[in-house]
Amino acid sequence: NSRYRNDFEEICSLGRGGFGHVVLCKNKLDGRQYALKKIFLKDKNLPINDKILREVATLSRLQHQHVVRYYQAWFETEVGGCYGDNTWGSRTAENSSCSYTGAISTNSVGLENKQESTFLYIQMEYCPRTLRQVFESFCGLFDKEVTWHLFRQIVEGLAHIHSQGIIHRDLTPNNIFFDARNDIKIGDFGLAKFLKLEQLDHDQNFTVDATGVSMDRTGQVGTYFYTAPEIEQGWPQINEKVDMYSLGVVFFELWHPFLTAMERYAVFSDLKQKGLLPPAWVAEFPEQASLLRRLMASSPSDRPSATELLHHALPPRMEDEWLNDILRTM
Ligand code: ATP
Ligand code: MG
Ligand code: MG
């Protein structure tokens, strides 16, 4: 008796990540669309599972305009539901063009494999696009006001997350979403550390998917540039300032379009390894450059907090028809 199959109708696959699949579903009761994340947990009796559930419970308490809403989470055990591409559509729906192919058929593989598998389901708000997709489809510089507007929304979401004692840990344009109204929603966070532990400790055969938190669809290097130095250096204690570092890199990308992946890689490498910013860019955006330097400071305590940014570093909010028009066409 599956809550998933009882309550939801699958529409299409939204993609797969390090820990499972995300499917666009319609809830049969309220008729609304949700993104459902299905995560394979090899051993259902691990203490880590309780931690994961507690973590999702924390996330579900976050309620903010600019944070992806988490609704509920639950475990389901399937007999013979071996983890593989035969049960869920594979990595297909990129750029929000849904091309889901396979229906879920847990028992079709059950004859050869009577093993029980446990899955964690997480029901969340559906967000049609990511900031990464917007960067890729719009290769130019955004309008100044639009850029500040988007950045402010990200900072507002982050300030809320931090105010709840939560660290995102994986803030990248892949995990910054747009909702249907083109408002920013920060998503895909909090669970990464638990899931990584679970998979590393208990599933050696998970190689395809266990490459971990740092993978995104542009490959491992995708996340590398956004990761704060203290995480890379394995400091025993990290705090919310790791997100401020990542935010800095996102901020840079908002103000610096890249024509090719190659150019992006070269510029990001210089920034990460040598702390170098393109001189022409610094000359054109001196204020942004100085804010960027503070956000990417190597010492976490030198980075401003999200709240400080909101109060002291952003130009006044601008809301008018013109801005809304631009956002609508983005
Ligand atoms: P990782 O597991 O390393 O975090 P990932 O972030 O790519 O990798 P998932 O978080 O599992 O993997 O997401 C898989 C896909 O589903 C991604 O393409 C992501 O953009 C999409 N996705 C995740 N959450 C949502 C959501 N709330 N609405 C729409 N799409 C989503
Ligand atoms: Mg993600
Ligand atoms: Mg993720």
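Refer to the structure printed above.
The structure reproduced in this document is the subject of the present report. Quick caveat: nothing in here was measured; it's all calculated off a predicted structure. (Residues numbered from 1 in each chain as written. Chains lettered and ligands numbered in written order. Predicted model: local features only at pLDDT ≥ 70, side-chain atom pairs only at ≥ 80, totals over all residues. Heavy atoms only, no water.)

What to know about unusual backbone geometry
Phi at Arg169 is positive, roughly 75°, even though this residue is not glycine. One can find Arg169 in the loop between helix H4 (144-163) and strand S7 (176-178). Taking relative accessible area as the criterion, Arg169 reaches 30% and is therefore assigned partly exposed. Unlike most non-glycine residues, Asn182 shows phi in positive territory, near 65°. (Helix = DSSP H or I, 4+ residues; strand = E, 2+ residues; numbered from the N terminus. Buried < 20%, exposed > 50% of the residue type's maximum accessible area, 1.4 Å probe, protein only.)

Digging into the coordination of the magnesium ion (ligand 2)
All of the protein donors around the magnesium ion (ligand 2) are Asn175 (OD1) and Asp188 (OD); their distances to the metal are 1.9 to 2.0 Å. Separating the magnesium ion (ligand 2) from the magnesium ion (ligand 3) is a gap of 3.1 Å, which Asp188 spans by donating to each of them. Of the two residues, Asn175 is situated in the loop between H4 and S7 and Asp188 in the loop between strand S8 (184-186) and helix H5 (192-202); the sequence distance between them amounts to 13 residues. What makes Asn175 buried here is its relative accessible area of 6%. (Donors = N, O, S within 2.8 Å, 3.2 Å for Na, K, Ca; no water.)

So, a negative patch on the surface
Residues Asp143, Glu145, Glu319, Asp320 and Glu321 make up a contiguous surface patch of negative charge. Judged by relative accessible area, Asp320 falls into the partly exposed class, the value being 33%. (Patch = residues over 30% accessible without salt bridge, like charges linked within 9 Å, V, L, I, M, F, W, Y side chains within 5 Å. Areas by Shrake-Rupley, 256 points an atom, 1.4 Å probe, with all protein chains shown as cover. Salt bridge = Lys/Arg side-chain N within 4 Å of Asp/Glu carboxyl O. Lys, Arg positive; Asp, Glu negative; His and termini not counted. Charge placed at Lys NZ, Arg CZ, Asp CG, Glu CD.)

Description of the sheet that holds strand S6 (residues 129-130)
Judged by pairing direction, the sheet is antiparallel, and its 3 strands sit side by side in the order S6-S7-S8 without closing on themselves. Each edge of the open sheet is held by one strand with a lone partner, namely S6 and S8. Judged from the 2 bridges that link them, S6 and S7 form a sheet pairing that is antiparallel. Bridge pairing in S7 links Arg129 to Phe178. Lying on the sheet, H4 is in contact with S7 and S8; it crosses S8 at an angle near 35°. (Pairing = 2+ DSSP bridges. Contact = heavy atoms within 4.5 Å. Axes fitted to C-alpha atoms, helices over the stretch in contact; angles between N-to-C directions.)

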